[in-house]
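Each chain is listed here by its residues.
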Amino acid sequence: MTEALIEVHSLVKHYPVPRRGLLEEKLVLRAVDGVSFRIAEGEIFGLVGESGCGKSTTGQLLVQLVKQTQGDIFFQGRRIGAKLSGSELRRLRRDIQIVFQDPYSSLNPKKTIGWTLEEPLIVHRIGDRRTRRTIVAETLEQVGLDPSYASRYPHELSGGQRQRVGIAAALVLSPRFIVIDEAVSALDVSVQAQILNLLKELQQRRGLTYLFISHDLNVVEYISDRIGVMYLGRMAEIFTTGAEGAEPLHPYTRALFSSIPDVRKARERVPLQGEVPSPIHPPAGCAFHPRCPFAMDQCRSLVPELKSVGPGHEVSCHLY
Ligand SMILES: Nc1ncnc2c1ncn2[C@@H]1O[C@H](COP(=O)(O)OP(=O)(O)OP(=O)(O)O)[C@@H](O)[C@H]1O
Ligand SMILES: [Mg+2]
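Residues numbered from 1 in each chain as written. Chains lettered and ligands numbered in written order. Predicted model: local features only at pLDDT ≥ 70, side-chain atom pairs only at ≥ 80, totals over all residues. Heavy atoms only, no water.

A word on a nonpolar patch on the surface. A cluster of nonpolar side chains, namely F294, V309, L319 and Y320, defines an oily patch on the protein surface of about 300 Å² accessible area. Among the secondary structure elements, L319 is positioned in the segment after β12 (313–315). (Patch = residues over 30% accessible without salt bridge, like charges linked within 9 Å, V, L, I, M, F, W, Y side chains within 5 Å. Areas by Shrake-Rupley, 256 points an atom, 1.4 Å probe, with all protein chains shown as cover. Salt bridge = Lys/Arg side-chain N within 4 Å of Asp/Glu carboxyl O. Helix = DSSP H or I, 4+ residues; strand = E, 2+ residues; numbered from the N terminus.)

Listed below in structure tokens is the structure:
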């Protein structure tokens, strides 16, 4: 694989669980519980898994909206989250951006779109007023909006247009890496396709790298070069999509993807049974074992490590 733009080693994020009584045991919620992966420059890495498995927390850790409990994140070979100088931190804040599911909540309803897009340029002291306005107009055009949208307010826009503004806000500082967290999940299917194609086109034109988070397997499979499958804060499998990719092996991945009727028809169907256990009391051994039709004795006590099973393919399962 080519040089990694971003590398994550044994990343852990635990949240303390509020105690109801003084005598109650101190508990932690294991939102992310030892995740390692790398994303190459120019790659789209998808992240899937059932609700609560830690996808958004992983994304928030990469943009340092939250601090990790343990583990390391490297961007261009340099450790982030550790002690960075002011200028290094500013550089990082430009290079790494995030797009959220609901741009409405991140857009200030009282400010124009132009203001929203210009503000980060002012904060980072980029250009004079005229240069900044030019950057804003160009960015609006790149996301398929007429530059006249700069004078509009968020409530005047449709959901798809607001998401275009959300993307423009992430692009305006010319980042290298963008975390895209459920950015199309709230949109109608036809608008979803437009935004997905826009994201793909921008990625190619600007040589961007994405962590693309979605619970929608069709969407993730469509856009991603590789997919990481999370289960209860851990990585169950990482596999390459498309013709050159091998079939996923982990019983959890197979169960997840076999619920889609059209995609990967040839795959044997494995029904996904039962509920996701609590991340406060995860099962011992392989966290998936209580729901796994192939569970063996060792799965109940021994945590499987993520092992390479082929090019661009890693799986954490005792069957392999
Ligand atoms: N700030 C927080 N404080 C406490 N617990 C949190 C916090 N953020 C997330 N969690 C918990 O961490 C776990 C992982 O949450 P996360 O939002 O990362 O999951 P997700 O995979 O993005 O789920 P979804 O598909 O529903 O968006 C969940 O159990 C969640 O309740
Ligand atoms: Mg989420």
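Read on, since the account is not over.
A word on the sheet that holds strand β9 (residues 226–231). The strand order across the open sheet built from eight strands is β6-β7-β8-β3-β9-β10-β12-β11, with neighbouring strands paired in mixed fashion. The open sheet has two edge strands with one neighbour each: β6 (96–99) and β11 (307–310). Each neighbouring strand pair of the sheet contributes to a mean axis angle of 25°, computed without reference to strand direction. Sheet analysis places strand β3 (residues 44–48) next to β9, joined by four bridges and oriented parallel. The residue of β9 that forms the bridge with F45 is R226. (Pairing = 2+ DSSP bridges. Axes fitted to C-alpha atoms, helices over the stretch in contact; angles between N-to-C directions.)

Right, let's talk about the site of ligand 1 for a bit. In the vicinity of ligand 1, the residues found are Y15, L29, A31, S51, G52, C53, G54, K55, S56, T57 and P279. Between ligand 1 and S56 there is a distance of 2.9 Å, counted from an oxygen atom to a side-chain nitrogen or oxygen. Protein contacts shield 62% of the accessible area of ligand 1, which totals 640 Å² for the unbound molecule. Elements represented by at least two residues in the shell around ligand 1 include exactly β2 (27–40) and α1 (55–62). (Near = heavy atom within 4 Å. Polar contact = N/O pair within 3.5 Å; in protein donor to acceptor, adjacent residues only side chain to side chain.)

Turning our attention to the sheet that holds strand β1 (residues 4–17). Spatial ordering of the open sheet is given by β2-β1-β4-β5, a layout of four strands whose pairing is antiparallel. Of all the strands in the sheet, just β2 and β5 (78–80) have a single pairing partner and so form its edges. Direction aside, the axes of adjacent strands within the sheet are offset by 30° on average. Sheet topology places β1 next to strand β4 (residues 70–75); five bridges connect them, and they run antiparallel. Bridged to V8 within β4 is I73.

What sets the pattern is the α-helix's 3.6 residues per turn: residues three or four places apart point alike. Over its 13 residues, helix α6 (residues 159–171) extends 18 Å from the first C-alpha to the last, a length consistent with the 18 Å expected when each residue adds 1.5 Å. Where α6 is concerned, the buried positions are G160, R162, Q163, R164, V165, G166, I167, A168, A170 and L171. (Expected span 1.5 Å × (residues − 1). Buried < 20%, exposed > 50% of the residue type's maximum accessible area, 1.4 Å probe, protein only.)

Next up on the list: the nonpolar core. The biggest cluster of nonpolar side chains holds 51 residues, and the ones touching the most others in it are I167 and F212. Ignoring anything within four residues of it in the chain, the contact list for F212 reads I44, F45, G46, L47, I180, L196, L199, V219, V220 and I223. Counting residues in each nonpolar core, the second largest holds 28 residues, with L11, L62, I80 and M235 among its members. (Core = buried A, V, L, I, M, F, W, Y, C linked by side-chain atoms within 4.5 Å. Contact = heavy atoms within 4.5 Å.)

Once that is clear, we can look at the environment of E119. Mapped onto the secondary structure, E119 falls in helix α4 (residues 113–123). For E119, a relative accessible area of 36% puts it in the partly exposed group. Measuring from C-alpha to C-alpha, the distance between E119 and V172 comes to 9.8 Å, with 53 residues separating the pair along the chain.

One non-glycine residue with positive phi stands out, namely Q64, at about 60°. Residue placement: Q64 occurs in the loop between α1 and β4. Even without being a glycine, E182 presents a positive backbone phi close to 50°.

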